[in-house]
Amino acid sequence: MSAVLQSSDAPLKATRRPTITLPQVLSLVTVALLFWGYHFPTEQYLTPQAGAGYAFGILGGSAMLLLLVYPLRKRVRALAFMGTTKRWFQAHMALGVIGPVLVLFHANFSLGATNSNVALACMLIVSGSGLFGRYFYTRIHHGLHGRKANLAELRAYADKLRWVTSSIDFLPGLVGRIEAEEQRIVARCERTLLLARPLVGAVGVLLARRRLRRYVTGALRRSAVTPRQPGAHRRKLNGVARQYIDHRLAATRRVVEFGAFERLFSLWHALHLPLFVMLLVAGIAHVVAVHVY
């Protein structure tokens with residue numbers, strides 16, 4: 001166990017992840033508002049024709065019109081005075097949630113006239129499409145606001161992790177087991193259709209993580225522990241080993257699924273713009289129908 005003691009100062013240290021992040025808090029608030037609005041009799045207090053209900057419709061529609069600013073800012077250099085692309089991307093995502101929520105309260109979470117139903121359906125389709133697009137984006141970029149990654153970078157990062165993990169000597173068999181699991185995942189994904197690789201890779205990583213964690217737990221239990229070494233020490237080593245496992249498998253997963261998500265994002269991008277144009281036309285038709293007829 002002396003090797004274990006010496007290796008507890010390995011380069012990678014167990015770190016605590018934040019329990020909950022701000023985006024998760026905002027997502028929970030949004031879900032709670034939608035749940036409350038759907039079950040609460042809002043029609044007793046809000047009407048689409050006047051008052052707060054009418055204002056919600058105006059504000060929600062305006063928020064969705066502002067979604068056009070981000071693609072314009074990204075493509076037209078003359079609009080640089082309006083702020084950075086990163087800030088408008090953040091605003092684009094926020095407005096893509098705020099707008100539909102306001103419109104749903106405007107509609108009292110119910111159907112109405114035909115033109116209203118068409119506009120509502122278009123809005124829900126575009127909003128759902130945006131959620132998929134956000135996920136695809138994060139899988140091929142460095143973070144939510146970072147530059148686009150490439151396959152060579154991801155492979156280089158995965159190779160770098162292999163060198164880092166080779167310095168962990170408190171579980172000599174762990175590195176070999178991780179490499180075997182990685183080869184199994186890569187081989188399985190290479191035999192799979194491109195667009196199915198994210199699912200196959202996710203399942204493979206999940207099963208590999210379970211097997212490797214089980215091995216780590218069992219190996220540490222079998223280690224000879226002197227009375228001076230508390231159980232907290234083993235828990236710390238277990239956390240370090242698990243973090244290595246997670247980093248290695250996450251890097252492998254990004255490599256095998258990159259091509260699929262790059263293709264999915266390209267297809268989504270080609271579909272999202274026509275859907276938004278359809279929403280714009282349906283929204284204008286709804287506003288004209290309400291105020292003219």
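To be clear, the structure that these remarks concern was listed above.
All of these numbers come straight from a predicted model, not from anything done at the bench.

Chemist: A description of the overall build of the chain should follow, citing residues and the corresponding values.
Modeler: A tally of regular secondary structure across the chain gives 10 helices and 0 strands. Order of helices (α) and strands (β) in the chain, N terminus to C terminus: α-α-α-α-α-α-α-α-α-α. Look at the contacts in the chain between residues 6 or more apart in sequence, and 76% of them connect residues 24 or more apart. Surface summary for the chain: the accessible area is close to 17900 Å², and the carbon and sulfur share equals 65%.

Chemist: Hey, could you go over the side chain of arginine 73 for me, with residue numbers and the actual values?
Modeler: Mapping arginine 73 onto the fold places it in helix α4 (residues 69–75). Separated by 2.6 Å, the side chain of arginine 73 and the backbone oxygen of glycine 83 make a polar contact. Sequence-distant contacts of arginine 73, that is, excluding residues within four places in its chain, are made with Leu79, Ala80, Gly83, Thr84, Thr85 and Trp88.

Chemist: Which residues make up the packing of aromatic side chains, and what values do they have?
Modeler: With the rule as written, the count across this model stands at 13 aromatic pairs. Aromatic side chains tyrosine 135 and phenylalanine 261 sit 5.5 Å apart centroid to centroid with 80° between the ring planes, which places their arrangement in the edge-to-face category. Placement of tyrosine 135 in helix α6 (residues 114–140) and of phenylalanine 261 in helix α10 (residues 231–292) is noted, with a sequence separation of 126 residues between them. Between tyrosine 137 and phenylalanine 265, the aromatic rings sit 6.0 Å apart at their centres with planes inclined by 65°, giving edge-to-face as the arrangement. Taken together, the residues tyrosine 137 in helix α6 and phenylalanine 265 in helix α10 connect sequence positions 128 residues apart. An identical accessibility class is assigned to tyrosine 137 and phenylalanine 265; each is buried.

Chemist: Tell me about the environment of arginine 253, residues and numbers included.
Modeler: Mapped onto the elements of the fold, arginine 253 is located in helix α10. Along the sequence, arginine 253 and valine 200 sit 53 residues apart, while their C-alpha atoms lie 9.6 Å from each other.

Calculation criteria
Residues numbered from 1 in each chain as written. Predicted model: local features only at pLDDT ≥ 70, side-chain atom pairs only at ≥ 80, totals over all residues. Heavy atoms only, no water. Helix = DSSP H or I, 4+ residues; strand = E, 2+ residues; numbered from the N terminus. Contact = heavy atoms within 4.5 Å. Areas by Shrake-Rupley, 256 points an atom, 1.4 Å probe, with all protein chains shown as cover. Polar contact = N/O pair within 3.5 Å; in protein donor to acceptor, adjacent residues only side chain to side chain. Phe/Tyr/Trp six-rings, centres within 6.5 Å; stacked < 30°, edge-to-face > 60°. Buried < 20%, exposed > 50% of the residue type's maximum accessible area, 1.4 Å probe, protein only.

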